[in-house]
Amino acid sequence: MFAFVTWTAVTPSMHRGHSSPRSVCSYSIRKGSNAIKLPKSSKSSKSSKPFLTSMAVSTPPTEQSNNPLDDPEDPASIFVPNSPFTRRISSSPMPQANKNYYTELFHESVLQAIDDVINKIQGPLTKNVMSASFLLPELNPALDIYDRRFLIRVIWRIAMSLAEQMDLKVCLMTQSAMQFGGLPLSVAGIQKLLKADLDKSQEDWSENLKGKLQIRDILPDQVDDSVDVFIMICPTNASSAPAVTDVIDTVKRIGKDKPVLLINPRLNDVPSHSGVMQVQGRAERISFLESIQRIFVLELLYKSGTWYPLLGIVYRAYPNPWYVYSRDEQVTKILENKQKVLKEDYDLVWTGLMAPSKDQISEALKAHRVKKNKEMSASVSPELSEGVSTKFSLIALSAMIGIPSSLAFVKFVLPSFLH
């Protein structure tokens, strides 16, 4: 079995009409403040064409790498060959160029889906409620390297594009600390950070843009009917704070026509001594969670109960299909300074239009590893394989009659390698 780190990404999404690289949105931090200074509003008039038709595929980062684990034959490349993934994707801290690359994959997929919902494009999306699981290690609250500022930058990247470039009114929604008296660590303080960013940035914005962004609680009475897009940030169930109930009620209040995006939701039932998320309402909760369409997923697959090594990745970026990649690694060289060179490979082992089940993922990874082992066995010289097999059989026989295994190894096996 494999443990899932809920997130997303495979091949960079190719949107309609994209032809040239698009620059990454830049941010700056004001001196003496932790708030992000968001970009100034553009003075150009809104284009009559749909925003997404002029978007381009984000260009991969190509900054020079000084890490000795990079391929010495191509030190500028930070991508694993024949894959859409960067090297050591599960390591932390992640270089900023890599963060920008994955943020753009996430950004393009989300905006494509929201645009399709607004314009009622007939395609893979059939409902207005969507989720995006973007859990690189620094965005995964299950790990001890959770970086809220990275999450906040990702959120503003989406919100600013919707508000300024697509001319949509956006409401950023977070769980209410006042309602429950506390919040899970993964979402605590996010609304405060967002409001600080907004306060520091609005003085540079146009009057039109200032009215395009709201920050509110995930509650039905907080819904503004003038809003075009609702983004719920990391709604997370806790034993004493069942966020899923507020999410369901708020979605009902919003209706079925406006896009609702849940970023990194964690809404599965959490057992509690008070029975808050037990039998009552369970069928409705399950039905709601199953109806959410997952438009972006980047899930790192590990052996159950561990966070190392990385065994594979599940990736989906709307409107592309789902992909499952198996990852292999090996040390290929030892440099003069005795540092190891790590070689990574990703093999596509499953693809489909619907999300794979845990059993399908496990079976695909297992079948791939069996195939790889057979290929490795076939590449070994038959004479050597037969000879070594016979020698190790003699070791087993020697153990049965009382000869120490170390002595048997020296007598039967070592001479064949030395020869």
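Please refer to the structure higher up on the page.
Note that this is a predicted model, so its numbers are computed, not measured.

### Side note on helix 1 (residues 96-118)
- Along its 23 residues, helix 1 runs 32 Å from first to last C-alpha, staying within 8% of the 33 Å computed at 1.5 Å per residue.
- Positioned one or two residues after helix 1, Lys120 has a phi angle of 55°, which is positive.

### Observations concerning unusual backbone geometry
- The omega torsion across Tyr308 and Pro309 is -5°, close enough to zero to call that bond cis.
- Along the chain, Pro309 falls in the loop between strand 9 (293-303) and strand 10 (310-317).
- Omega for the bond connecting Tyr318 with Pro319 falls within 30 degrees of zero, at 10°, which places this linkage in the cis form.
- Phi at Asn82 takes a positive value of approximately 60°, unusual for a residue other than glycine.
- Judged by relative accessible area, which is 78%, Asn82 ranks as exposed.

### Topic: the environment of Phe296
- Along the polypeptide, Phe296 turns up in strand 9.
- Looking at Phe296, the relative accessible area reads 0%, which means it is buried.
- Considering only alpha carbons, one finds Phe296 and Asn320, 24 residues apart in sequence, at a separation of 9.5 Å.

### Looking at helix 4 (residues 190-201)
- Taking 1.5 Å of rise per residue, 12 residues should cover 16 Å, and helix 4 covers 17 Å from first to last C-alpha, within 8% of that figure.
- Every buried residue belonging to helix 4 is among Ile190, Gln191, Leu194, Asp197, Leu198 and Ser201, and all of these are buried. With its buried residues spanning 125° around the axis, helix 4 presents them on a single face. Turned more than 90 degrees away from the buried face of helix 4 sit Lys192 and Asp199, all of them exposed.

### Describing the pattern of salt bridges
- Summed over the entire model, instances satisfying the criterion amount to 15 salt bridges.
- Here the salt bridges share partners, and the residues they tie into one network are Asp328, Asp347, Arg369 and Lys372.

### Points about the nonpolar core
- In this structure, Ile89, Tyr102, Leu162, Leu172, Ile231, Ile295 and Phe296 are the most contacted members of the largest nonpolar core, which totals 65 residues.
- Here this core gets 11 residues from one element, more than from any other, and that element is helix 2 (residues 148-165).
- When near neighbours in sequence (up to four residues on either side) are disregarded, Tyr102 contacts Pro84, Phe85, Thr86, Ile89, Met94, Phe134, Leu136 and Leu298.

### Description of the packing of aromatic side chains
- Enumeration over the complete set of coordinates arrives at 12 aromatic pairs.
- Plain terms: the ring middles of Phe79 and Tyr101 are 4.8 Å apart, the flat faces sit at 90° to each other, and that makes the pair edge-to-face. Taken together, the positions of Phe79 in the loop between strand 3 (36-37) and helix 1 and Tyr101 in helix 1 put the pair 22 residues apart, joining distant regions of the chain.
- Relative to Tyr325, the ring of Phe85 lies with its centre 5.2 Å away and its plane at 85°, an arrangement referred to as edge-to-face. With Phe85 in the loop between strand 3 and helix 1 and Tyr325 in strand 11 (residues 322-334), this residue pair connects regions lying 240 residues apart in the sequence.

### Concerning the pairing of strand 9
- Along strand 9, nine of the 11 residues are buried, which leaves the element largely enclosed by surrounding structure.
- Note: strand 4 (residues 129-134) against strand 9, five bridges, orientation parallel. Bridge pairing in strand 9 places Phe134 opposite Leu298.
- Of the pairings in the sheet, the one linking strand 9 to strand 10 comprises seven bridges and is antiparallel in character. Across the sheet, residue Leu300 finds its bridge partner in strand 10, namely Ile313.

### Describing the side chain of Thr174
- Topologically, Thr174 is positioned in strand 5 (residues 170-174).
- The class of Thr174 is buried, set by a relative accessible area of 4%.
- Excluding anything up to four places from it in sequence, Thr174 contacts Ile190, Gln191, Leu194, Arg216, Asp217, Ile218 and Ile233.

Calculation criteria
- Residues numbered from 1 in each chain as written.
- Predicted model: local features only at pLDDT ≥ 70, side-chain atom pairs only at ≥ 80, totals over all residues.
- Heavy atoms only, no water.
- Helix = DSSP H or I, 4+ residues; strand = E, 2+ residues; numbered from the N terminus.
- Expected span 1.5 Å × (residues − 1).
- Buried < 20%, exposed > 50% of the residue type's maximum accessible area, 1.4 Å probe, protein only.
- Arc of directions from axis to C-beta.
- Salt bridge = Lys/Arg side-chain N within 4 Å of Asp/Glu carboxyl O.
- Core = buried A, V, L, I, M, F, W, Y, C linked by side-chain atoms within 4.5 Å.
- Contact = heavy atoms within 4.5 Å.
- Phe/Tyr/Trp six-rings, centres within 6.5 Å; stacked < 30°, edge-to-face > 60°.
- Pairing = 2+ DSSP bridges.

Just distances and angles here, no functional claims.
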